[in-house]
Amino acid sequence: MDLDNDLIFVSLASYRDPQLVPTVCDCLGKASNPARLRFGICWQRDVEDLPLPFVEDPRFRVLNVNWRDSKGACWARAEIMKLWQGEDWFLQVDSHCRFVEAWDRVLLRAMAETASAKPILSTYASPFTLGENEILHGGPFQMIFQEFTAEGIPQLRPGAVLPGRASQKPLRARFLAAGFLFAPGKFVEEVPYDPELYFMGEESAMTVRAFTHGYDLFHPAESIVWHDYIRADARKHWGDHSDTADVPAPWSKLDGTSRTKVRRLLAGEPVEGFGLGQVRTLDEYEAYAGLSFRTRKVQAYTLRGGEPPNPEAPEDWPNKVYPWIATIRFTREQLPEGALSDPMLWSLSIMDGNGCEICHRDVNRDELTQLASGAEELAIVCEFPSDTIPVNWTLWPLTRSGQWLRKFGGQLSDGDFAILNNVD
C-alpha cells in the first residue's frame, strides 16, 4: 500500500444535483495528492444544464444521462463501476459531500490499521449544512440496526461511536453504507452493483454480498466525509419519476422489483449475477451480526450497537425475543418550544431497566402532524422486538432547519406496554 501514490477511483452518482461541482472541487482541493484521483460520474441531468467544468480533464470519466432515462441511484452506481480501469482503490460517495483534509491518506492509513486482507471502510457520514460558512464537525458514526420493514428488510440508523473508540483504529461493523464506501479496487469485480436495486434494501444487500465474498466490514474511528442530509429543495428521483410522469418506468415499479430481489437475497435464494459469495455463508453473517432474517429477530447486543462479532448465542435465541407494543404518553406542556411548529422528525428511544436502548425510531412528519391537532394529552404507539422489558423513553425533536431541540422523556407505566401476542 502506497499512502502517496496508489490510484483511487471515486464513484459519484449525481441526480440533478447542484452540489456535484462543489463536491468534486472539495474532493480535489482536500486530497493530499489530487493527481492520484480518477473520477467516474453518472451525471443524470437536464438538457439545459451547462457542461461540467472538468469534462476535458483526463482524470474524469463522465456518463451523460437525461434524467428521464435514469433508473435510480443503484443503476447509476452500477454504470459507474463499468468505468473502473483497475485503480488500486474504490471510493463511493454521494454528490453532496465534503471531505477532511488529506482524506486520501487518512483513508489508506485507516485501511492499514484494520490488518485485514479484504477490508471495507464505510459508515453514515457526519452531517453538515450548506452555506457560506460550512462547519464540518461531529461524528464519527456507526451504523445501528433499527427495525425490520414489513418485507423483512433491515432499516438502519446512525449512532455515535461508543466512548473510548474515537481516534483509535477502525472498529468492526455489521453494515456498509452506500453514501460512503471505501474498498480495494477488486471490489468492483467481485461485488458489482446490481442495477435493479432501487433504494430500500440497497445497503443490506451489499452488506451480505460483501461479507459472504470474504470482505471484512469496518467503521472509521474519525469523521472523514460529511453529508448534506437536509436537501429540502433538492430534486429527488422518486419525485420526478411518479406514476403519472412521462418516464420509461415509474419509481414504484423499480422499487417493487428491487424489494423482491432483496427479499430473495436475504432468504439465501440464488440471484443470478448479483448473489451471495462462497467464502462465507449467510448463517455466518447472521451469527456475526446478531440477526435472524427468517424470524425477523435481533439480539439486544446488536440493538445497543455493541461491536461485532456478537457474543456466541444459543441456536434458539430468536425464541426469547418478543414483539412488544408500547404507548409513549406525554402532555403539550412537556414539549420544547417549536417542537410541533415546523418539525422534520422526532427521535424516539426506549430503554430497559439497565438503561440500554432497546428501540430507536424516527417519528415522521405525518405522525407529528396528527399530534399537532390533537388534545392536551398526546401519545405515540411503537412496536419493537426485545428480550428485555421496556422501562423508560426519551423524545428528541428535530426542526426542518436542522436544529435539535431539548430532549424530554418519562417512564412507562404497567398499562403502557405489553407483549404484542397478548394484546386483544
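Everything here concerns the structure above.
Residues numbered from 1 in each chain as written. Predicted model: local features only at pLDDT ≥ 70, side-chain atom pairs only at ≥ 80, totals over all residues. Heavy atoms only, no water.

**Quick word on the overall build of the protein**
Part 1 of the reasoning: If you tally the helices and strands in the protein, you get ten helices and 22 strands.
Part 2 of the reasoning: The globule rule puts the C-alpha radius of gyration for 424 residues at 22 Å, and the 22 Å found for the protein is close to it.
Part 3 of the reasoning: C-alpha extents for the protein along the principal axes are approximately 65 × 50 × 45 Å.
Part 4 of the reasoning: Counting every position in the protein, which comprises 424 residues, the buried fraction comes to 53%.
Part 5 of the reasoning: Looking at the protein alone, contacts between residues at least 24 apart form 71% of all its contacts between residues at least 6 apart.
Part 6 of the reasoning: Summed over all atoms, the accessible surface of the protein reaches about 19,400 Å², with 49% contributed by carbon and sulfur. (Helix = DSSP H or I, 4+ residues; strand = E, 2+ residues; numbered from the N terminus. Rg over C-alpha atoms; globule rule 2.2 N^0.38 Å. Buried < 20%, exposed > 50% of the residue type's maximum accessible area, 1.4 Å probe, protein only. Contact = heavy atoms within 4.5 Å. Areas by Shrake-Rupley, 256 points an atom, 1.4 Å probe, with all protein chains shown as cover.)

**Brief notes about the sheet that holds strand E17 (residues 343-352)**
Part 1 of the reasoning: Read from one edge to the other, the open sheet built from four strands follows the order E18-E17-E20-E21, with strand pairing classed as antiparallel. The open sheet terminates on both sides in strands that have one partner only, identified here as strand E18 (357-363) and strand E21 (408-411). Going from strand to strand, the sheet's axes swing by 15° on average, the running direction of each strand aside.
Part 2 of the reasoning: Note: E17 against E18, six bridges, orientation antiparallel. Residue pairing across strands places Trp346 opposite Val363, the latter belonging to E18. (Pairing = 2+ DSSP bridges. Axes fitted to C-alpha atoms, helices over the stretch in contact; angles between N-to-C directions.)

**Some remarks on unusual backbone geometry**
Trans peptide bonds make up most of the peptide bonds, and negative phi angles are found at most residues other than glycine.
Part 1 of the reasoning: Here the bond from Pro308 into Pro309 is cis, since omega is 5°, no more than 30 degrees from zero.
Part 2 of the reasoning: Along the chain, Pro309 falls in the loop between helix H9 (300-303) and strand E16 (322-331).
Part 3 of the reasoning: Its identity is not glycine, yet Ala115 carries a phi of approximately 60°, on the positive side.
Part 4 of the reasoning: With respect to the element layout, Ala115 can be found in the loop between helix H3 (103-114) and strand E6 (119-122).
Part 5 of the reasoning: Accessibility expressed as a relative area gives 74% for Ala115, which makes it exposed.
Part 6 of the reasoning: Although it is not a glycine, Arg296 sits at a positive phi angle of roughly 60°.

**Side note on the sheet that holds E16**
Part 1 of the reasoning: With antiparallel pairing, the three strands of this open sheet are ordered in space as E19-E16-E22. A single partner strand is all that each edge strand has here, and the edge strands are strand E19 (377-386) and strand E22 (417-419). Each strand of the sheet is rotated relative to its neighbour by a mean of 15°, with strand direction disregarded.
Part 2 of the reasoning: For E16 and E19, the ladder comprises ten bridges, and the chain directions are antiparallel. When the sheet's bridge partners are listed, Ile325 is paired in E19 with Glu383.

**As for the packing of helix H5 (residues 202-212) against helix H8 (residues 282-289)**
Part 1 of the reasoning: At a closest axis distance of 9 Å, the pairing of H5 and H8 adopts a crossing angle of 110°. Between H5 and H8, the interaxial angle falls into the category roughly perpendicular. Across from Thr207, Val208, Phe211 and Thr212 in H5, the residues of H8 making contact are Leu282, Glu284, Tyr285 and Tyr288.
Part 2 of the reasoning: Looking at the contact of H5 with H8 residue by residue, the classes come out as five nonpolar, two polar and one charged. (Parallel < 35°, antiparallel > 145°, perpendicular 65-115°, else oblique. Nonpolar A, V, L, I, M, F, W, Y, C, P; charged D, E, K, R; others polar.)

**Observations concerning H8**
Part 1 of the reasoning: Buried within H8 are the following residues: Leu282, Tyr285, Glu286, Tyr288 and Ala289. For H8, the angular spread of the buried residues around the axis is 165°, confining them to a single face. Those residues of H8 that are exposed and angled more than 90 degrees off the buried face are Asp283 and Ala287.
Part 2 of the reasoning: Among the structural elements, strand E10 (171-172), H5, strand E12 (216-219), helix H7 (251-266), strand E14 (291-292) and H9 are those in contact with the buried residues of H8.
Part 3 of the reasoning: Of the residues flanking the end of H8, it is Gly290, one or two places downstream, whose phi is positive at about 75°. (Arc of directions from axis to C-beta.)

**Side note on the nonpolar core**
Among soluble globular proteins, nonpolar side chains are generally buried collectively.
Part 1 of the reasoning: Core analysis: the biggest nonpolar cluster contains 52 residues, and Ile120, Phe187, Tyr285, Leu291 and Phe293 have the highest contact counts within it.
Part 2 of the reasoning: Elements that contribute at least two residues to this core include exactly strand E1 (8-15), helix H2 (73-81), strand E8 (141-148), strand E11 (180-184), helix H4 (187-190), H5, H7 and H8.
Part 3 of the reasoning: The leading source of residues in this core is H2, at six residues.
Part 4 of the reasoning: Ignoring any residue separated from it by four or fewer positions in sequence, one finds Ile120 in contact with Met111, Leu176, Leu181, Phe182, Ala183, Phe187, Ala210, Tyr215, Asp216, Leu217 and Phe218.
Part 5 of the reasoning: In terms of nonpolar packing, the next biggest core, distinct from the first, is built from 33 residues, Ala31, Trp43, Trp89 and Phe180 among them. (Core = buried A, V, L, I, M, F, W, Y, C linked by side-chain atoms within 4.5 Å.)

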